[in-house]
Amino acid sequence: MHTFAYARPGTVAEAVAILAEHGSQARLLAGGTDLIIRLRDGSARPSIVVDTKRIADLGAAIQEADGLLVIGARAVMADIARDPGVRRDFAALADAASVVGSVQIRNRATLAGNICNGSPAADTAPSLLVFGAVVVAAGPGGVRRVPIDDFFVRSGVTTLAAGELVTAIELPLPAARAGSVHVRRTRRRGHDLASVTLSCSVDERGVTRIAFGSVGPRPILAVDVSGVLADAGAPAAAKAAVLERMFADASPSPRSMRASPAYRLAMLRVLGARAVLAASRRLAEG
Ligand SMILES: Cc1cc2nc3c(=O)[nH]c(=O)nc-3n(C[C@H](O)[C@H](O)[C@H](O)COP(=O)(O)OP(=O)(O)OC[C@H]3O[C@@H](n4cnc5c(N)ncnc54)[C@H](O)[C@@H]3O)c2cc1C
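Since we're looking at a predicted model, the values are computed, not measured.

Draft legend 1. Spatial organisation of the nonpolar core. Membership of the largest hydrophobic core comes to 48 residues, with the highest contact counts inside it found for I71, I80, L93, L128, I148, L165 and L171. By residue number, the principal contributor to this core is helix α1 (residues 12-22), which donates five residues. The contact partners of L93, leaving out residues within four places of it in the chain, are I71, I80, V86, L111, T124, S127, L128, F131 and L171. V183, C200, I220 and A278 belong to the second largest nonpolar core, which has 25 residues in total.

This is the structure:
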C-alpha cells in the first residue's frame, strides 16, 4: 500500500485547517468502507488521511430541530435504518440504509461517506434527492448549505470544494402526508452494488417524486405533479407514459460490467412502477 501520513483532529476547525494545508492530497476517513479499499488498490493515493472519528463537534446524532431532521456526518447506516424519526417521515432512506452492504458494513458506513464517495450507485442518494436533502459543509470560508441535487456531478466527483468536509445532512420535515420506499436491483443477493437503485415518494396532494441511480454518471430526480401516478384509477398506459418521461434522462454506461444499458432501462421501468405502488400503499396505511 502507498504510504501516507495520518491525522486525527479533535475539532472541525482543526480538520478544516489540515484539509486546507494539504488540498487535494488529503482524504477524509469516516467508516473507511470505500476509502480503505481504494487505498489498498491504489486508486486513491493521498499524502495524508484525516480521520473524522475523534472530531468532538462532528456529530453522529440524528435529531429534529427547526423543522428539519439533522443527521450528523458520523451517523452510520445501522443507526439511520432503525431511527424512529427516519422510519416515520423518511421511510425510503431507512429502506436504503438497511440494504447497504452487510451488518458489519452498516455498523461502520456513514451517510456522509456514501454521498461524498460520489458513486452513481450509492443507495442512499436517491432517497436524499426525493426528500430534498441539504448537505452542510464546513470549509475555510465558513459553513455553506448545498442542495443535494447540486452536490453530485459524476462518478467520484461532487461539488464539495477542496478543504471542505460535510458536517451534517438536513432533511426538511414533510409538508404533506406521504408514503415512500426504496427499491433496487442487484446481480445477486448479498453484497453487491445496485444495477438500478430507486426511491419514490407519493404524497396526499398527488405529487410523485422518483430518484434513481446507477443508470448514468450521477443520480437523477424527476417529479410528477400531474397526479396520474398517484391516482389508483388512472389507466396503466397513462402511468407508463408518465414514468417514461420521468426516466428520459437515464443514460446507463455501455462500459459497465454490472449490467447492459438495455437491462438497466428495463429494470428502471419495472422498479419505478413497483415503487409507485409500494409508496402509495404506505401512504394509504398512514
Ligand atoms: C462489502 C461492501 C459492500 C457495500 N455495499 C454497498 C451497498 O450496498 N450500497 C452502497 O451504496 N454502498 C455500498 N458500499 C460502499 C460503502 O459502504 C458506502 O459508500 C459507505 O456509506 C461509505 O461510508 P464510509 O463512512 O465507510 O466512508 P469512507 O470510506 O470513510 O469515505 C468515503 C469517501 O467519502 C469521503 N468522506 C467521508 N466522510 C466525509 C465527510 N464528512 N466530508 C467529506 N468527505 C467525506 C472520504 O474521503 C472518501 O472519499 C459497500 C462497500 C463494501 C466494502
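Draft legend 2. Seen up close, the sheet that holds strand β3 (residues 48-51). With parallel pairing, the three strands of this open sheet are ordered in space as β1-β3-β2. Both edges of this open sheet fall to β1 (5-7) and β2 (26-29), since each of them pairs with a single strand only. Going from strand to strand, the sheet's axes swing by 25° on average, the running direction of each strand aside. The pairing of β2 with β3 spans four bridges and is parallel. Note that in β3 the partner of A26 across the bridge is I48.

Draft legend 3. Fine view of the site of the ligand. As a structural note, the neighbourhood of the ligand is formed by 32 residues, with L28, T33, D34, T110 and D123 the closest of them. One nitrogen or oxygen atom from the side chain of T33 is found 2.6 Å from an oxygen atom belonging to the ligand. V166 places a main-chain nitrogen or oxygen 2.8 Å from a nitrogen atom of the ligand. When the ligand is considered free in solution it has 980 Å² of accessible area, and contact with the protein chains removes 91% of it. Within the residue set of the shell around the ligand, elements represented by two or more residues are β2, α2 (35-41), α7 (111-116) and β10 (165-172). Among the residues forming the shell around the ligand, the class breakdown is 17 nonpolar, nine polar and six charged.

Conventions and cut-offs
- As a convention, each chain's residues are numbered from 1 in the sequence order in which they are written.
- Owing to the predicted nature of the model, reporting of local features is limited to residues with pLDDT of at least 70; listing and counting of side-chain atom pairs is limited to 80 or more, with chain, interface and lining totals taken over all residues.
- To obtain the side-chain values, all non-hydrogen atoms of the structure were included, while hydrogens and water were left out.
- Nonpolar core, defined: a set of buried Ala, Val, Leu, Ile, Met, Phe, Trp, Tyr and Cys residues in which side-chain atoms within 4.5 Å join the residues together.
- Relative accessibility decides the category of a residue: with a 1.4 Å probe and only protein chains considered, values under 20% of the type maximum give buried, values over 50% give exposed, and everything between is partly exposed.
- Under the DSSP-based scheme used, a helix requires at least four consecutive residues in state H or I and a strand at least two consecutive residues in state E, with every element numbered from the N terminus.
- Between two residues, a contact is recorded if the distance between any of their heavy atoms is within 4.5 Å.
- Strands are treated as partners if at least two bridges between them are detected by DSSP.
- Axes, fitted as lines to C-alpha atoms, cover a helix only where it is in contact. Angles between the N-to-C directions of the axes lie from 0 to 180 degrees.
- Here a residue is near a molecule or strand as soon as one of its heavy atoms is found within 4 Å of it.
- The term polar contact refers here to a pair of N or O atoms within 3.5 Å; inside protein, the definition further demands a hydrogen-donor-capable atom paired with an acceptor-capable atom, and it admits residues adjacent in sequence only when both atoms are side-chain atoms.
- Note that accessible areas follow from Shrake-Rupley with a 1.4 Å probe, and for residues the cover is restricted to the protein chains shown.
- Throughout, the ten residues Ala, Val, Leu, Ile, Met, Phe, Trp, Tyr, Cys and Pro are labelled nonpolar, Asp, Glu, Lys and Arg are labelled charged, and all others, Gly among them, are labelled polar.

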